[in-house]
Amino acid sequence: MRILVTGKNGQLGRSIQKIVNTDTKTDNNQSPNDVIFVGREELDLSSESSISHYFNNNDKFDIIINCAAYTQVDKAEQEAELADQINHLAVKQLASIASNQLAKLLHISTDYVFDGENGKPYTETDTPNPINAYGRTKLAGEKALQALMPINAIIIRTSWVYSEYGNNFVSTMLKLGKERDDLRVVSDQMGSPTYATDLADAILEIIRHKKFRDEGQTTQIYNYSNEGEISWYEFAKEIFKIEKIECRVNPVTSQQYPTPAKRPRNTLMKKDKIVTVFNIKTSNWKSSLNTCMTILKKQQ
Ligand SMILES: NC(=O)c1ccc[n+]([C@@H]2O[C@H](COP(=O)([O-])OP(=O)(O)OC[C@H]3O[C@@H](n4cnc5c(N)ncnc54)[C@H](OP(=O)(O)O)[C@@H]3O)[C@@H](O)[C@H]2O)c1
C-alpha cells in the first residue's frame with residue numbers, strides 16, 4: 001500500500017506522522033504500509049503545475065489523505081482566491097488524479113460549511129450554507145470531489161481542531177493566560193473541539209477498514225469531533241483550570257468581539273454515522289484536552 005499524506009507540517013499531518021512512526025500494525029497482506037508525507041515544498045496546492053509535476057514524477061498511490069488546507073479563517077476574507085485554489089481547485093485536481101490512478105481519496109472538511117442556525121446537531125445530510133469565505137471554499141472542494149469521485153472517496157467534516165503542534169486555540173490561551181490578568185472570550189459560539197490525535201487515530205482506523213478498502217464504495221461524508229457541546233469561553237476556562245492559570249475569563253458575545261470572518265453560532269455535529277460504519281470511538285472533549293495538555297507539559 002502506497003499512502004500519500006499532504007499537509008505534513010500541519011496539526012493533523014503531524015499527528016498522523018506521530019502515530020505512523022510508532023505504529024507497528026501492518027495491512028492485510030502483512031506488509032508494512034509505505035506512507036509518504038509531503039508539505040508545500042514537495043506539493044504546493046496553490047499551483048496547478050506543482051500538483052501535476054508531483055504526481056507525474058512519483059509512482060501511483062493507493063490512498064491519498066489530504067490534510068493540507070488554507071485554514072486562516074479571517075485572512076481568507078482578503079485572500080479568497082488563494083483559499084479557493086487550495087481548498088477547492090486543488091481538491092478537484094487531487095480528485096481527478098486519484099480517480100485516474102484508481103486511488104482512494106480521504107479528504108478533510110469543516111463544520112464551517114454550515115451557517116450554525118440549525119437549532120440541533122448537524123447530520124451529514126443537512127444542507128450546508130457557509131457564512132464566510134473559508135467555509136465557501138471548503139464546500140466548493142467537497143462538491144468538486146463528489147462530482148469527480150462518486151465512488152472511492154471519503155470526506156470527514158471536523159471542528160475546532162487543536163493539538164500539541166503549532167498555533168491553535170489551546171496554545172494561544174496558554175500563552176495569553178500566562179501574560180494577562182483577564183481575557184475576553186466568545187461565549188455565544190457553540191461546537192465541539194477535536195484533538196488532532198483523536199482524528200488522526202480515526203483516519204488510520206478508517207483506511208485499514210474493509211469498508212474503505214473495498215473497490216467501488218459510494219463516496220460518503222462523515223462528521224467527526226470529540227464529544228460535548230461547549231463555547232470557546234468554556235473551552236478557555238477548562239484550559240486554565242487544568243494548567244492552574246489564574247487569569248480571569250470574561251464571556252463576551254460575537255458582537256462584542258468582531259472578527260473579519262463571521263463565525264457560525266452552533267456547529268455541533270452528530271457522529272453516529274462514523275461510529276456505526278467504522279466502529280470509531282469518540283472521546284469526551286475534556287479527557288482529550290487533558291491528554292494533549294499532559295503532552296504539552298512534558299515538552300516544556
Ligand atoms: N484547524 C481547525 O480548527 C479546523 C477546523 C475544521 C476543519 N479543519 C480542517 O482540518 C484539516 C487539517 O487542519 P489543520 O488544523 O491540521 O490545519 P493546519 O495546521 O493549518 O495545517 C494545514 C497545512 O496545510 C498546508 N498548506 C497550506 N497551504 C498549502 C499549499 N499551498 N500547499 C501545500 N500545503 C499547504 C500548511 O502548510 P505550511 O505548514 O507550510 O503552512 C499546513 O501544514 C484541514 O482540511 C482543515 O480545513 C481544521
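Residues numbered from 1 in each chain as written. Predicted model: local features only at pLDDT ≥ 70, side-chain atom pairs only at ≥ 80, totals over all residues. Heavy atoms only, no water.

A. Up close: the side chain of Asn223. Looking at where Asn223 falls in the secondary structure, it is placed in strand E10 (residues 220-223). At a separation of 3.1 Å, a polar atom in the side chain of Asn223 contacts the main-chain carbonyl oxygen of Tyr122. Polar side-chain contacts of Asn223 include one of 3.0 Å to the backbone oxygen of Lys270. Setting aside chain neighbours within four positions, we find Asn223 in contact with Tyr122, Thr123, Glu124, Arg157, Met269, Lys270, Lys271 and Ile274. (Helix = DSSP H or I, 4+ residues; strand = E, 2+ residues; numbered from the N terminus. Polar contact = N/O pair within 3.5 Å; in protein donor to acceptor, adjacent residues only side chain to side chain. Contact = heavy atoms within 4.5 Å.)

B. Examining the environment of Asn279 more closely. Residue placement: Asn279 occurs in the loop between helix H9 (272-278) and helix H10 (285-299). A relative accessible area of 61% places Asn279 in the exposed class. (Buried < 20%, exposed > 50% of the residue type's maximum accessible area, 1.4 Å probe, protein only.)

C. Molecular detail of the environment of Ala95. Of note, Ala95 is situated in helix H3 (residues 80-101). Take Ala95: its relative accessible area is 0%, and that puts it in the buried class. If we skip the residues at most four places from it in the chain, Ala95 touches Leu105, Leu145, Leu148 and Met149.

D. Quick look at the nonpolar core. Phe55, Val170, Met173, Val185, Phe235 and Ile239 are the most contacted members of the largest nonpolar core, which has 57 residues in total. Counting residues per element, the ones that place at least two in this core are helix H2 (48-56), H3, helix H4 (133-148), strand E5 (153-158), helix H5 (169-179), strand E7 (182-186), helix H8 (232-243) and H10. It is H3 that contributes the most residues to this core, 8 residues altogether. Ignoring anything within four residues of it in the chain, the contact list for Val170 reads Tyr162, Phe235, Ile239, Leu289, Met293 and Leu296. (Core = buried A, V, L, I, M, F, W, Y, C linked by side-chain atoms within 4.5 Å.)

E. Highlighting H4. Taking 1.5 Å of rise per residue, 16 residues should cover 22 Å, and H4 covers 23 Å from first to last C-alpha, within 8% of that figure. Within the span of H4, buried status applies to Ala133, Tyr134, Gly135, Thr137, Lys138, Leu139, Ala140, Gly141, Glu142, Ala144 and Leu145. Buried-residue contacts for H4 involve H3, strand E4 (104-110), E5 and E10. (Expected span 1.5 Å × (residues − 1).)

F. Structural view of H2. Taken together, the buried positions of H2 are occupied by Ser50, Ile51, Tyr54 and Phe55. End-on view of H2: buried residues confined to an arc of 125°, all on one side of the axis. Among the exposed residues of H2, those oriented more than 90 degrees off its buried face are Glu48, Ser49, His53 and Asn56. (Arc of directions from axis to C-beta.)

G. Quick peek at the site of the ligand. For the ligand, the set of nearby residues contains 23 residues, the closest of which are Arg40, Leu45, Thr71, Tyr134 and Lys138. Measuring from a nitrogen atom of the ligand, one finds a backbone N or O atom of Ser46 at 3.3 Å. Those elements that place two or more of their residues in the shell around the ligand are helix H1 (11-22), E4 and H4. A per-element tally of the shell around the ligand places E4 first, with 3 residues. Partitioning the shell around the ligand into residue classes produces 11 nonpolar, 9 polar and 3 charged. (Near = heavy atom within 4 Å. Nonpolar A, V, L, I, M, F, W, Y, C, P; charged D, E, K, R; others polar.)

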